[in-house]
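Chain and residue survey
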Amino acid sequence: MQDLIRDMSDFHLDVLREVSNIGAGNAATALSRLLGKPVDMRVNRVLPMPFNDVTEYVGGAENLVSTVFSRIEGDIAGNMLFVMGAADGGALVRDVTGESGESEELSEMAQSVLQEVGNILSGSYLTALSDFTGFDLRTSVPSLCVDMAGAILSFGLMETGKSSDFAILIDAEILPGGEKGNGIAQGTTGHIFLLPDPEAFSRIFFALGVHRHGSY
Amino acid sequence: MAVIKVGIADSNIAKAPDSICTLGLGSCVGVTLFDDARKIVGMVHVMLPSTELARSSTYKKAKFADSGVPELVDMLVQAGASRMRLKAKMAGGARMFSFEDSAKGIGQRNTEACKDILRKLGIPIVAEDTGGSHGRTIEAFPDTGVLEVRTVSKPVIRI
């Protein structure tokens, strides 16, 4: 049986990669303004993955990550997740606040800083996406969780799980440390994952005028 | 002594001296069914409460509580376990994020659905570690009948 997510065409995956490029590009610009220095951005793989590969992709189900989760509502629905390894999250907070220290535990203030960074990133991503598609989009109040990647990601996969055993993770990497390093520890990185609900894909392709290609 | 891994929306069984585990349960629920006499255990990693939520005609049974648990019972019986001796231990069903949305309380709904189907199947729940707001990794040992629950910030518990 055909599965619209698993069997998505290369052409449509390229369209989603462009969505990621535009959204995450705007998010990187917003973060760069906040940090007062360049922030690099890299669009990663956009392809259908079985659920268990999704958790492997973020370093394994037990990998400790900080995640800011927002639910997208409006013309399309979906989830947006800003995911950082726990240590990278700490480094980013120190860069925003100018505080030093190496503590692994995030203080209450560090948590609200991270939540606000996630809020800015998802907001600017969605602004670009809505300019690009003409969609009216809103996000729920973002929520932060620091825990095992599997426990967090599986929550984000739930809507997709009703229709498919595969998810398309529209992934862009945000590199506040820069590829060459410019202040904050080099290699500090976070991922912005856009996980549209299954019904959203056809709407995205329709809005961009590419729905006549293949199965959409 | 192997450790058998169960992925999201998947199930499997283990016989002593092997053990079986699933990693990073959040709002998902891990249901384990033990036959202590035969030293055999089955585990299912349930993602959603009911097949009524399925929007496709084909799906993995292990994904839903109401199809995954009965399937696991059948697998165990086929592997030599006695349906009458089965007892359940379960963990997971957390609320990972505090916001309100359409997926509100899915962890709790998963837990309740698992209890529901176990009651219908007449399988007693002898231990559980459910709810809260943290992820869990669980490992079941058929030779001792113990279910080990590991979290990021709390000590390991054995139920």
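Residues numbered from 1 in each chain as written. Chains lettered and ligands numbered in written order. Predicted model: local features only at pLDDT ≥ 70, side-chain atom pairs only at ≥ 80, totals over all residues. Heavy atoms only, no water.

**Some remarks on the UniProt feature "domain: CheC-like protein" (unreviewed entry) in chain A**
Residues and elements named next belong to chain A. Following the UniProt record, one finds the feature "domain: CheC-like protein" (unreviewed entry) at residues 11–43 and 109–144. Along residues 11–43 one finds 76% helix and 12% strand; the C-alpha atoms at either end are 16 Å apart. Here residues 109–144 is 69% helix and 14% strand, with 12 Å between the C-alpha atoms at its ends. (UniProt positions renumbered as here; feature names shortened; annotations may be inferred. Helix = DSSP H or I, 4+ residues; strand = E, 2+ residues; numbered from the N terminus.)

**A short note on the interface of chain B and chain A**
With 34 residues of chain B in contact, the opposing surface of chain A contributes 30 residues. Between chain B and chain A, a total of about 2800 Å² is buried, with carbon and sulfur atoms accounting for 64% of that surface. Inspection of the chain B/chain A interface yields 3 salt bridges. The residue Arg55 of chain B makes a salt bridge to Glu199 of chain A at a minimum N-O spacing of 2.8 Å. Linking chain B with chain A are 12 residue pairs in polar contact (both at pLDDT 80 or more), by the criterion used here. The set of elements that each furnish at least two residues to the side of chain B that touches chain A consists of strand 3 (19–25) and strand 8 (136–141) of chain B. The element contributing the most residues to the side of chain B that touches chain A is strand 3 of chain B, with 3 residues. A class-by-class count of the residues in the side of chain B that touches chain A yields 14 nonpolar, 14 polar and 6 charged. (Contact = heavy atoms within 4.5 Å. Buried area = accessible area lost by both parts, 1.4 Å probe. Salt bridge = Lys/Arg side-chain N within 4 Å of Asp/Glu carboxyl O. Polar contact = N/O pair within 3.5 Å; in protein donor to acceptor, adjacent residues only side chain to side chain. Nonpolar A, V, L, I, M, F, W, Y, C, P; charged D, E, K, R; others polar.)

**Side note on helix 3 (residues 86–97) of chain A**
Residue and element names in this part refer to chain A. Taking 1.5 Å of rise per residue, the 12 residues of helix 3 would be expected to cover 16 Å, and the 17 Å separating its terminal C-alpha atoms lies within 8% of that figure. Among all positions of helix 3, only Ala86, Gly89, Gly90, Ala91, Leu92 and Val93 are buried. The elements touched by buried residues of helix 3 are helix 1 (10–35), strand 3 (64–74), strand 4 (78–85) and helix 4 (108–133). Following helix 3 by one or two positions, Gly98 adopts a phi angle in the positive range, close to 75°. (Expected span 1.5 Å × (residues − 1). Buried < 20%, exposed > 50% of the residue type's maximum accessible area, 1.4 Å probe, protein only.)

**Quick notes on unusual backbone geometry**
Residue and element names in this part refer to chain B. Going from Ala16 to Pro17, the amide bond is cis rather than trans, its omega being 10°. Looking at the element boundaries, Pro17 is found in the loop between strand 2 (11–15) and strand 3. Non-glycine residue Ala9 carries a positive phi angle of around 55°. Turning to its location among the elements, Ala9 is positioned in the loop between strand 1 (3–5) and strand 2. Even without being a glycine, Lys39 presents a positive backbone phi close to 55°. In this structure, Lys39 sits in the loop between strand 4 (29–35) and strand 5 (40–46).

**So, the pattern of salt bridges**
Counted according to the given criterion, the structure contains 19 salt bridges over all chains. Here Asp14 of chain A and Arg17 of chain A are joined by a salt bridge, their closest N and O atoms 2.4 Å apart. Remark: Arg17 of chain A and Asp14 of chain A occur in helix 1; sequence separation between them is 3 residues, near one turn of the helix. Asp14 of chain A sits in the partly exposed class, given a relative accessible area of 44%. A salt bridge links Lys87 of chain B to Asp36 of chain B, with the shortest nitrogen-to-oxygen separation between them at 2.7 Å.

**Focus on the packing of helix 1 of chain A against helix 7 (residues 200–207) of chain A**
All names here are of chain A. Following both chains from N to C, one finds helix 1 and helix 7 inclined at 80°, their axes separated by 11 Å at the closest point. In terms of their interaxial angle, helix 1 and helix 7 are classed as roughly perpendicular. Contact with helix 1, carried on its side by His12, Val15, Leu16 and Val19, involves Phe201, Ile204 and Phe205 of helix 7 and no other residues of that element. Looking at side-chain class alone, the contact of helix 1 with helix 7 contains 6 nonpolar, 1 polar and no charged residues. (Axes fitted to C-alpha atoms, helices over the stretch in contact; angles between N-to-C directions. Parallel < 35°, antiparallel > 145°, perpendicular 65-115°, else oblique.)

**Looking at the confidence of the model for chain B**
For chain B, per-residue confidence averages 93 on the pLDDT scale, and 96% of positions sit at 70 or higher. As scored by the predictor, the complex reaches a pTM of 0.89 and an ipTM of 0.88. (pLDDT = per-residue confidence, 0-100.)

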